[in-house]
Amino acid sequence: MNQKERITELQLAVLIAAGFVELGLYSFPRDLSGISGRQHLFSLGLLLVIGLATVWVLAYFSLYFGGRSAVEAIFHVVGRPLGLVMTIPAIAFHLFLGAVCLRYFADFTNTFFLPKTPPEAIMLLIILAVIFVVGQGFAAGARLAVAMVPAFFVLVLVAYLLVGSKITEWGAVFPSTDLWPPNFLAGTSRIIYLVVGLETIPFFLPLVGKLNRPYLWVTLPMVANGVLLLVISVVTFGVLGLEPTGLLQYPGATALRTLRMPGLLVERTGALIALAWTVLKVGYLGVRVTTSGMAICTCFGMSVSRYRSFLLPLAVIVFYMARWPADTEELEHLLTSWIGTAGLVMNLGYALFLLLIGWARGKGVRST
Amino acid sequence: MRPRLRKGLALLLLLTAGLSLSGCWDNREPQLRAYVLGMGIDPDPDDDQGLILSLQLPVPSAANPGKPGGGGAHGQEYFVVQGRGRSLATAMQDAQDRVSRELFFGQMRAVVLSSTLQPSQAERVFTSMRANPDVEDTVYLAITSGRAFDALSTKVKLEPLPALYFNSVFEAVRRMTIADPVQFWQFWRADKTSGWEPVIPRVEQSQRDSLEVRGMGVYHGYEFRGFLDGEETQGFLWLQGKTRSRSLVVETPSGISAVRSLGSTARTSIRFEGNQPVFRVDIALHGEVSLPPNQQTGGARELEEVAQATQDRVRDQVEAVLTRAQEELRADIFGFGKRLFYHHPRYFAGVDWSEIFPTVKIEPVVKVSILRKGAIH
């Protein structure tokens, strides 16, 4: 990357957030309801611990291999043939993650706002927006993300805090003191998909121009995500109650729909959130396509700055992958059954594996 | 790629994207919509499983009397169209066949149900409403012992459209209506929560051209169990900690007095006596004496008498609703079972709450504080 394509630490933090916050944001309380019950906050706490451990390990991984991108580090440690065997499934997985996210958004929009519009049309529009944004270049995308992603966080938080005035079911919010059986463990494993998509760290951290406090800037997005998940969980359970939350497809969105502000410009908060969510969706997909393009560039021995050459084919692949799940039920099954676990393996598992080999072979440029 | 080819492709992409800007599949022009403001649901007398749907539609031209085709000051401002079917969807379709414009439920403000709906009919109605994305979760519900069609057809004073009557009644937080507004999501929440049964405010046609909201209809699941009268509804509201700007007239040795509630709270705690849960509800009412005994500013003794009399009155109302709910309606509309479910899940899982609720001990403890004597303006 040339100097113009370098990013700041703030842009790094925002890009990390854009790359993993969003998948399952409005549906995760349902996944917690039936399993964790009143231990749902413990599930979220454990999830945050896993998320923080993952970002720290990935940041350490990136620093340890001295500015090499994720795929360069893989090739450096295990060699090119084995590196390709490890990299190709990772690229496919992260593109599929983008596809699931795209389909999730299309189904959600189709359910709540545009029931007659085919999900494919919604997906196509998002894909076109992604092509446009990513096509502007990495630095421009990063600046756009800084303008949009924090605004989304604030908007969602304000909307949920307003809905928070309707909380009456405190019994569903407060954690149960009865921790046996520890159902929250199973609950965490079910929502682990909320912290996948962190491959952004080893891709983007080496692109930071002046790196002063890397651990702080990779921690911030995870903490912000934790706060967001906590607020959504408390408000959704507090407004809807424990059992109704488990019956709804998108309980987080339904909780928002209980708020009406007659006379105000924005009478329906749900529509406002959907608008902001669309922007976040473009960011999420843009990050997936960018990192995949960078990985492919490394595989072909090209400079990572040429990732835009693969933009169109990758966008087409994501679009077709997004059409694979037959319906929303299958999509939800994919999310809760293996995407979370696979994502953790691709992020934390890969990083730990490579670090162990790197230590053993002395491949790192940092001793600590 | 050659620059000219690149520009050509960009232009092609731009034109393709432009096609989508004219609107999506869900684009509906406002002038082509029929806005449903109120929906009534009655059982079909000719079909024991059938539903009669009544939809109240405003006539847009009546709102523009000066324009050609406008209804003018004496034009019909709304009309009620009906549809029949065994499900809400088929009844809606039937109603749609009688209207030229596409029915739009996104602005609907009230749904009136007949108390004569069978549980299976009510279940079909609520399930369909839940599945219809156009129906807002915040739509108000009301129940009537008569026909829902009549409630929707009544031309009410002060409001141009009957459906707006419900909006005005339920959204005015300071009015003294003896009913608790219930939105669709709140009904659904209570229905789907263990140990909690839903209620809906009652509306009746009091005269030919007047509606009255007073009392609550009680459900057990989707089965309608009966109505709470005004006193019982007051008691229900005290137990929910939901009374404000409501006056109570009480009689003391010094004369008749009126106390205006400034606010109340209700806190429920659970203890076990043997293996049986006992619920204690502490109701704290803060009020002011708006009408002192003997029309004079009361002294400390008189105020104490008023507080005591108010306390007795509130306790009577609370005990009346508890007795009715436990012995006759057998429906936990207060959510005592829900508290047990949250705080003692193992105990709750081992009992049939519907069975034991009528015999559960509930102890209301009422405390009235007269904060001020009230001012004579």
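Everything quoted here is computed from the prediction, not taken from an experiment.

1. Brief notes about the overall build of chain A
Then step 1. Each helix and strand in chain A was counted, giving 16 helices and 0 strands.
Then step 2. Its C-alpha radius of gyration of 20 Å places chain A within 12% of the 21 Å reference for a compact globule of 368 residues.
Then step 3. Considering only C-alpha atoms, chain A reaches an extent of 55 × 45 × 40 Å along its principal axes.
Then step 4. Each of the 368 residues in chain A was classed as buried or not, and the buried ones make up 54%.

2. Notes on the interface of chain B and chain A
Then step 1. If you look at the interface, chain B gives 17 residues, while chain A gives 22 residues.
Then step 2. Secondary-structure elements contributing two or more residues to the side of chain B that touches chain A are helix 6 (184–192) and helix 9 (336–343) of chain B.
Then step 3. Sorting elements by how many residues they give to the side of chain B that touches chain A places helix 6 of chain B first, with 4 residues.

3. Side note on the environment of leucine 242 of chain A
Residue and element names in this part refer to chain A.
Then step 1. The residue leucine 242 is located in helix 12 (residues 242–247) in this model.
Then step 2. In this structure leucine 242 comes out as buried when scored by C-beta crowding, with 26 C-beta atoms within 10 Å.
Then step 3. Between the alpha carbons of leucine 242 and alanine 172 there is a distance of 5.4 Å; along the sequence they are 70 residues apart.
Then step 4. For leucine 242, the residues in contact, after removing those within four places along its chain, are Ser33, Gly37, Arg38, Ala172 and Phe237.

4. Description of the pairing of strand 3 (residues 51–58) of chain B
All names here are of chain B.
Then step 1. By the criterion of burial, strand 3 is predominantly enclosed, with 8 of the 8 residues buried.
Then step 2. Across the two faces of strand 3 the burial is the same, with Leu51, Leu53, Leu55 and Leu57 and Ile52, Ser54, Gln56 and Pro58 all buried.
Then step 3. As judged from the 8 bridges shared by strand 3 and strand 4 (residues 78–85), these two strands associate in the antiparallel manner. Following the sheet pairing, leucine 55 is matched in strand 4 by valine 81.

5. Focus: helix 15 (residues 311–322) of chain A
Residues and elements named next belong to chain A.
Then step 1. Here helix 15 contains 12 residues, and its C-alpha end-to-end distance of 16 Å stays within 8% of the 16 Å for a straight helix at 1.5 Å per residue.
Then step 2. When helix 15 is considered as a whole, its buried residues turn out to be Leu314, Ala315, Val318 and Ala322. Along the axis of helix 15, the buried positions cluster into a sector of 100 degrees, meaning they face one direction only. Along helix 15, the residues that are exposed and aim more than 90 degrees away from the buried face are Pro313, Val316 and Tyr320.

6. Section: the environment of aspartate 312 of chain B
Residues and elements named next belong to chain B.
Then step 1. When you line up the elements, aspartate 312 lands in helix 8 (residues 300–329).
Then step 2. The class for aspartate 312 is partly exposed, based on 13 C-beta atoms found within 10 Å.
Then step 3. Between the C-alpha atom of aspartate 312 and that of valine 366, which follows or precedes it by 54 residues, the distance is 8.2 Å.

7. Focus: helix 2 (residues 88–96) of chain B
Residue and element names in this part refer to chain B.
Then step 1. Three or more residues of helix 2 are buried, namely Leu88, Ala91, Met92 and Ala95. Projected down its long axis, helix 2 carries its buried residues within an arc of 100 degrees, all on one side.
Then step 2. In the core, the buried residues of helix 2 are packed alongside strand 3, strand 4, strand 5 (102–104) and helix 3 (119–131).

8. Re the packing of helix 3 (residues 40–64) of chain A against helix 16 (residues 328–361) of chain A
Working note: a packed helix pair is described by the angle between its axes plus the distance between those axes.
Residues and elements named next belong to chain A.
Then step 1. With their axes 9 Å apart at the nearest point, helix 3 and helix 16 run at an angle of 40 degrees to one another. In this view, helix 3 runs oblique relative to helix 16, as classed from their interaxial angle. Viewed along their axes, helix 3 and helix 16 form a crossing whose handedness is left-handed. Contacts from Thr54, Val57, Leu58, Phe61 and Tyr64 of helix 3 reach helix 16 at Asn347, Leu348, Ala351, Leu352, Leu354, Leu355 and Gly358.
Then step 2. The residue makeup of the contact of helix 3 with helix 16, split by class, is 9 nonpolar, 3 polar and no charged.

9. Describing the domain arrangement of chain B
Residues and elements named next belong to chain B.
Then step 1. The assigned domain composition of chain B is domain 1 (29–228) and domain 2 (230–377).
Then step 2. The partner domain 2 presents 27 residues to the 20 residues of domain 1 that form the contact.
Then step 3. For the side of domain 1 that touches domain 2, the secondary-structure elements that each account for two or more residues are strand 9 (210–220) and strand 10 (223–228).
Then step 4. Counting residues per element, the side of domain 1 that touches domain 2 draws most heavily on strand 9, at 6 residues.

10. Some details on unusual backbone geometry
Residues and elements named next belong to chain B.
Then step 1. Even without a glycine there, the phi angle at arginine 330 is positive, about 50 degrees.
Then step 2. Relative to the helices and strands, arginine 330 resides in the loop between helix 8 and helix 9.
Then step 3. A count of 17 C-beta atoms within 10 Å places arginine 330 in the partly exposed class.

11. Examining the confidence of the model for chain B
All names here are of chain B.
Then step 1. Taken residue by residue, chain B gives an average pLDDT of 84. The fraction at 70 or more is 87%.
Then step 2. Confidence scores differ between elements of chain B, with helix 1 (residues 3–19) showing the lowest mean pLDDT of 74 and strand 10 the highest of 95.
Then step 3. pLDDT under 50 marks residues 68–74. Its contacts with residues more than four places away, or in other chains, come to 14 contacts.
Then step 4. Predicted complex, confidence summary: ipTM 0.84, pTM 0.87.

Criteria and cut-off values
Residues numbered from 1 in each chain as written. Chains lettered and ligands numbered in written order. Predicted model: local features only at pLDDT ≥ 70, side-chain atom pairs only at ≥ 80, totals over all residues. Helix = DSSP H or I, 4+ residues; strand = E, 2+ residues; numbered from the N terminus. Rg over C-alpha atoms; globule rule 2.2 N^0.38 Å. Buried ≥ 20, exposed ≤ 12 C-beta atoms within 10 Å, placed from the backbone. Contact = placed C-beta atoms within 7 Å. Pairing = 2+ DSSP bridges. Expected span 1.5 Å × (residues − 1). Arc of directions from axis to C-beta. Axes fitted to C-alpha atoms, helices over the stretch in contact; angles between N-to-C directions. Parallel < 35°, antiparallel > 145°, perpendicular 65-115°, else oblique. Left-handed = near helix turned anticlockwise from the far one by under 90°. Nonpolar A, V, L, I, M, F, W, Y, C, P; charged D, E, K, R; others polar. Domains from an automatic or database assignment. pLDDT = per-residue confidence, 0-100.

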